[in-house]
Amino acid sequence: RIERKFGIFSKLDACSFVANVYDDGNLVSIVTDCSPHATHVAGIAAAFHPEEPVLNGVAPGAQLISCRIGDTRLGSMETGTGLVRALIAAVEHKCDLINMSYGEPALLPDYGRFIDIVNEVVDKHRIIFISSAGNNGPALNTVGAPGGTSSSIIGIGAYVSPAMAAGAHCVVQPPSEGMEYTWSSRGPTADGDLGVSISAPGGAVAPVPTWTLQSRMLMNGTSMSSPSACGGVALLVSAMKAEGIPVSPYTVRKAIENTASSISDAPEEKLTTGHGLLQVDRAYEYARQAKKLPLVSYRISISQVGKSIPKLRGIYLRGSNSCQQTSEWTVQLNPKFHDDASNLEQLVPFEECLQLHSTDSSVINIPEYILLTNNGRSFNIVVNPVNISSGLHYYEVYGMDCRAPWRGPIFRVPITIIKPIALSGEPPVLSLSKLYFKSGHIERRFINVPIGASWAEVTMRTSAFDTPRRFFLDTVQMCPLKRPIKWESVVTFSSPSIKNFSFPVEGGLTLELSIAQFWSSGNASHEPTCVDFEIVFHGIFIDQKVIALDGSESPMRIVARSLLASERLVPVATLNKIKIPYRPVDSNFCPLPTSRDRLPSGKQIIALTLTYKFKLEDGAEVKPHLPLLNNRIYDNKFESQFYRISDSNKCVYSSGDVYPSYVKLPKGEYTLQLYIRHENVQILEKLKQLVLFIERKLEKKDCIQLSFYSEPDGPIIGNAAFKSSVLVPGYVPFECSLPS
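Counting restarts for each chain, with residues numbered from 1 along the sequence as it is written. Totals for whole chains, interfaces and linings use all residues, but because this is a predicted model, local features are given only for residues with pLDDT of at least 70 and pairs of side-chain atoms are given and counted only at 80 or more. The basis for the side-chain values is all heavy atoms of the structure; hydrogens and waters are excluded.

(A) View of the overall build of the protein chain. Under the DSSP-based scheme used, a helix requires at least four consecutive residues in state H or I and a strand at least two consecutive residues in state E, with every element numbered from the N terminus. On a plain count of helices and strands, the protein chain comes out with eleven helices and 46 strands. For the radius of gyration, the atoms used are the C-alpha atoms, and the globule rule reads 2.2 Å times the number of residues raised to 0.38. The C-alpha radius of gyration computed for the protein chain amounts to 28 Å, which stays within 12% of the reference 27 Å derived for 740 residues, consistent with globular compactness. In this scheme, a residue with accessible area under 20% of its type's maximum is buried, one over 50% is exposed, and one in between is partly exposed, where area comes from a 1.4 Å probe on protein chains only. Per-residue burial over the protein chain gives 50% buried out of 740 residues. Intrachain contacts of the protein chain at a sequence separation of at least 6 include 74% that bridge at least 24 residues. For every accessible area listed, the method is Shrake-Rupley and the probe measures 1.4 Å; residues are considered covered only by the protein chains on display. Summed over all atoms, the accessible surface of the protein chain reaches about 34,500 Å², with 51% contributed by carbon and sulfur. In this tally Asp and Glu are treated as negative and Lys and Arg as positive; neither His nor the chain ends contributes. In this description, the location of a charge corresponds to atom NZ of lysine, CZ of arginine, CG of aspartate or CD of glutamate. When the 70 basic and 70 acidic side-chain charges of the protein chain are each reduced to a single mean position, those positions are 2 Å apart. For this analysis, residues touch if any pair of their heavy atoms sits within 4.5 Å.

Right, dumping it as structure tokens:
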């Protein structure tokens, strides 16, 4: 990074690498690719071919700083250490923009250690942060972290135009109009924010590393739409600098959102496309006109009147109960200046008269005006969803500057209402007949899953088409403090036929069912696909989700009942894994010495290394498990977690972080070292005795098949073995015993 040189390992592999030296020469870091992804992303944003301009990226010649966050040991998965070091490098090198084409699902939106540092990078150091929204569509609530879930980051959806379909994707008959890719993630977030800010082209033929033995290739994803947008914003920033226009993440975001070109007239499509397709020329004109306006972001925090719930970024009513009555919400609107803003020159004079607007006054009622000063202002919104139809509805409350209406919406309050349908029958059934699909068409249904349902069975029948058709089937349920409960299937019908599926559900929660014909499927045909769809809900309710066997002679009593329809119960239980808890045998704190681990605030990151010992009497497949830390990377207040398993000879067998995996180990003694980072040693102190579980798979010969009995003395006496029974709704629930 100092001499800006790179090497090639050999002509045979054609693999480039760089070397960086840290800690006064005590640490050498050799870095190479873990996939072609980053080179492709960089090429979309800034490839520069002066002799062949057709190969240029969006912002040719923009200077790039490459920060690798993916770890080869994890199959290119990002690590907390890599993420934080990348932010530190971006501040150190005074970057104007960050593009991040990575992401994961999250438990909580706009939360976590990485998000805290991102907020500092944007608010204090004025770096514009752009990131991919995710590739988990077409269902709603699928935006990923951090791009689609974080207020300081501009999340980008993926758009495909007719020209892209014809040129890059070689589609026989391109669509007549552009659209969002079927797989592009959709909003809203769990706390009601829009999720997708804007959209940009999500596919490109762009450069790839030499080790792929080709110069360019086609890739698509929001990983590609993000650098496309970032390159467009780089053009905007370059022009603003040339014109002497102050550059701020706040004003740039407002410029691109308020000038984006709408992709659809349907209000609910904002959850798919955001505010529309990026328009660099319009955004530049907007920035020129707004040159003398304050550099300010308008932050909203929402709470429901009369309820002590966490602060929200939007209003999201999902389910029958929330749609049965009028609700009132308090919106706290706060102007946010950059950290170095002057109190006397910027904060004190700030005053704006805003006229409030609602996109549908029959459902959303608001006051007419508010006067906003630096100390913020609150107002109430009344939402009345009682008389709206079932399905998806999207509204906005927005504020306009009375003195300068050309600015467009100064702030927006997104309001999403999902009103599900209730089912009847034994078992409950939803039948959808004669649904007609063309390329890219999506049908959504929202269902109030009956209490007592635990799985659903689906029958999908297709007819009246010629060429093969590809469909995406998604279901999503939302549960507080859990990731969205998602089931998905991609199915191809080569000819008219019937296919069956089944998937688990949670009773009492609203289910979204999305059926989508893939954007490029059936383009060459003028015949729409006719689909008949049936979903049937079943359920066997067990009184205990977790069954603990205490080892005594007394069996465990289990009560099973069916609430929806007659169901046959055939219980099976097998002990095939064991989990053993361990506490550390040693803990060590170490302030990290290099500048790459010094936060923008100047604080040095501290590493806590915990050492665990375990022994295997026989070879086995094992997996470490840390309940406090696992399955969370962005929505975690600890910025890094990494473990390594080695034997007594220091031979490393496995390493991992957020998503531990099984590894086969021979008989022997092992050491697991866990590495956790944070700037606050007092917080790390609380983890010195962190419990680690080692989960071990039992070999088939060691697995224990458990028996069920219809009488409590059955295990001792040896009779009354239970095999199966038919559960009938309304009758006394069935009881059986599982011996310890």
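From this point on, the discussion continues.
(B) Summary view of the packing of aromatic side chains. Within 6.5 Å between ring centres, the rings of Phe, Tyr and Trp (the latter by its six-membered ring) count as paired, and their orientation is classed by plane angle as stacked under 30 degrees, edge-to-face over 60, tilted in between. The tally for this structure, following the rule as stated, stands at 18 aromatic pairs. Between Phe437 and Phe471, the aromatic rings sit 5.3 Å apart at their centres with planes inclined by 85°, giving edge-to-face as the arrangement. On the criterion of sequence distance, the pair formed by Phe437 in strand 23 (residues 429-437) and Phe471 in strand 26 (residues 469-477) is long-range, its members being 34 residues apart. Here the two residues Phe437 and Phe471 agree in accessibility, since each one is buried. Taken together, a centroid distance of 6.2 Å and an interplanar angle of 55° make the contact between Tyr582 and Phe614 tilted. Of this pair, Tyr582 sits in strand 35 (residues 577-582) while Phe614 is found in strand 37 (residues 606-616), placing the two residues 32 residues apart along the sequence.

(C) Region of interest: the sheet that holds strand 13 (residues 296-304). The sheet built from four strands is open, its strands ordered 13-15-19-17 with antiparallel pairing. Single-partner strands in this sheet number two, and they are strand 13 and strand 17 (364-365). Strands are labelled as partners when DSSP assigns at least two bridges between them. Strand direction decides the pairing type here: strand 13 and strand 15 (residues 327-337), joined by nine bridges, are antiparallel. The residue of strand 15 that forms the bridge with Gln304 is Trp329.

(D) The arrangement of a nonpolar patch on the surface in detail. Patch members must show over 30% relative accessible area and no salt bridge, and they are joined within 9 Å when carrying like charges or within 5 Å when they are nonpolar side chains of Val, Leu, Ile, Met, Phe, Trp or Tyr. By salt bridge we mean one thing: a side-chain nitrogen of Lys or Arg within 4 Å of a carboxyl oxygen of Asp or Glu. A contiguous nonpolar patch, built from Phe9, Val21, Val28 and Ile30 and spanning about 420 Å² of accessible area, is present on the exposed surface. When you line up the elements, Phe9 lands in the loop between strand 1 (7-8) and strand 2 (16-22).

(E) The arrangement of the side chain of Asn630 in detail. By the element assignment, Asn630 lies in the loop between strand 38 (620-625) and strand 39 (640-647). Counting of polar contacts relies on pairs of N or O atoms within 3.5 Å, with two restrictions inside protein: one atom must be capable of donating a hydrogen and the other of accepting it, and residues adjacent in sequence are counted only when both atoms are side-chain atoms. A polar contact is formed between the side chain of Asn630 and the backbone nitrogen of Leu626, at a distance of 2.7 Å. Discounting chain neighbours no more than four positions away, the residues touching Asn630 are Pro624, His625, Gln641, Asp657, Val658 and Pro660.

(F) Highlighting the pattern of salt bridges. Summed over the entire model, instances satisfying the criterion amount to 32 salt bridges. The residue Lys637 makes a salt bridge to Asp116 at a minimum N-O spacing of 2.8 Å. Residue Lys637 is found in the loop between strand 38 and strand 39, and its partner Asp116 is found in helix 3 (residues 113-123); the two are separated by 521 residues along the sequence. Lys637 gets classed as partly exposed once you look at its relative accessible area, which sits at 32%.

(G) Spatial organisation of the nonpolar core. By size, the foremost hydrophobic cluster in this structure holds 33 residues, and its most contacted members are Leu87, Phe114 and Phe129. Tallying contributions element by element places helix 2 (residues 80-92) first for this core, with seven residues. Dropping the residues within four chain positions of it, Leu87 is found in contact with Ile98, Phe114, Ile117, Val118, Val121 and Phe129. Core analysis: the second largest hydrophobic core is formed by 32 residues, Trp329, Ile364, Leu372 and Ile415 among them. Residues belong to a common nonpolar core when they are buried Ala, Val, Leu, Ile, Met, Phe, Trp, Tyr or Cys residues joined through side-chain atoms within 4.5 Å.

(H) The packing of helix 6 (residues 249-259) against helix 8 (residues 280-289), seen in detail. Where helix 6 contacts helix 8, the axes come no closer than 8 Å and their chain directions differ by 130°. Relative to helix 8, helix 6 is oriented oblique. Relative to helix 8, helix 6 is oriented so that their crossing is right-handed. On the side of helix 6, the interface is formed by Lys254, Ala255, Ile256, Asn258 and Thr259, while helix 8 contributes Arg282, Ala283 and Tyr286. Think of it as three bins: nonpolar holds Ala, Val, Leu, Ile, Met, Phe, Trp, Tyr, Cys and Pro, charged holds Asp, Glu, Lys and Arg, and polar takes everything else, Gly as well. A per-class count over the contact of helix 6 with helix 8 returns four nonpolar, two polar and two charged. Comment: axis = line fitted to C-alpha atoms, over the contacting stretch for helices; angle = value between 0 and 180 degrees taken between N-to-C directions. An angle below 35 degrees is treated as roughly parallel, one above 145 as roughly antiparallel, one from 65 to 115 as roughly perpendicular, and anything else as oblique. By convention, the crossing between two helices is left-handed when the near helix turns anticlockwise from the far helix through less than a right angle, and right-handed when the turn is clockwise.

(I) Representation of the domain arrangement of the protein chain in the model. Segment limits for the domains were obtained from an automatic or database-derived domain assignment. If you check the domain split of the protein chain, you get domain 1 (295-419), domain 2 (422-538), domain 3 (556-576 + 703-737) and domain 4 (581-696). When each unit is reduced to the centre of its C-alpha atoms, the spacing between domain 2 and domain 3 is 33 Å. Each partner contributes to the interface: domain 2 provides ten residues, whereas domain 3 provides four residues. For the pairing of domain 2 and domain 3, the buried interface totals around 520 Å² over both sides, and the portion due to carbon and sulfur atoms is 69%. What counts as buried area is the accessible surface, traced by a 1.4 Å probe, that two parts surrender upon association, with contributions from both included. Per-residue buried area on domain 2 facing domain 3 is highest for Glu426, Ile451 and His538; these three make up 50% of the total on that side.

(J) Geometry of unusual backbone geometry. Omega for the bond connecting Ala145 with Pro146 falls within 30 degrees of zero, at 0°, which places this linkage in the cis form. You can see Pro146 is positioned in the loop between strand 7 (128-132) and strand 8 (154-160). Of note, the bond from Gly187 into Pro188 is cis; its omega dihedral lies within 30 degrees of zero at -5°. Of note, Pro188 is situated in the loop between strand 9 (179-180) and strand 10 (198-201). Within the chain, Arg126 stands out as a residue other than glycine whose phi angle is a positive 60°. For Arg126, the location among the structural elements is in the loop between helix 3 and strand 7.

(K) Examining helix 6 more closely. Summarising burial for helix 6: ten of the eleven residues are buried, a large majority. For helix 6, the full list of buried residues reads Pro249, Tyr250, Thr251, Val252, Lys254, Ala255, Ile256, Glu257, Asn258 and Thr259. Where helix 6 begins, one side-chain oxygen reaches toward the backbone nitrogen of Tyr250, 3.1 Å away; that side chain belongs to Ser248.

(L) Layout of helix 3. With eight of eleven residues buried, helix 3 lies mostly within the body of the structure. Within helix 3, burial applies to Arg113, Phe114, Ile115, Ile117, Val118, Val121, Val122 and Asp123.

(M) Focus on the pairing of strand 26. Where burial is concerned, most of strand 26 is hidden: eight out of the nine residues are buried. Pairing of strand 26 with strand 27 (residues 485-493), which is carried by nine bridges, proceeds in the antiparallel orientation. Directly across from Leu473, in strand 27, lies its bridge partner Ser489. Both strand 26 and strand 29 (residues 510-517) contribute to a ladder of seven bridges, which runs antiparallel.

(N) View of the side chain of Glu257. Tracing the backbone shows Glu257 in helix 6. Reaching out from Glu257, the side chain makes a polar contact with the side chain of Ser197 at a distance of 2.7 Å. Not counting chain neighbours up to four residues away, the residues in contact with Glu257 comprise Ser197, Ile198, His275 and Arg412.

(O) How the structure looks around the sheet that holds strand 16 (residues 351-358). Reading across the sheet, the five strands line up as 14-21-20-16-18 and stay open at both edges, with mixed pairing between neighbours. Of all the strands in the sheet, the pair left with one neighbour each is strand 14 (315-318) and strand 18 (369-373). For this sheet the average axis-to-axis angle between neighbouring strands, irrespective of direction, equals 20°. Sheet analysis places strand 16 next to strand 18, joined by five bridges and oriented antiparallel. Bridging across to strand 18, Leu354 finds its partner in Ile370.

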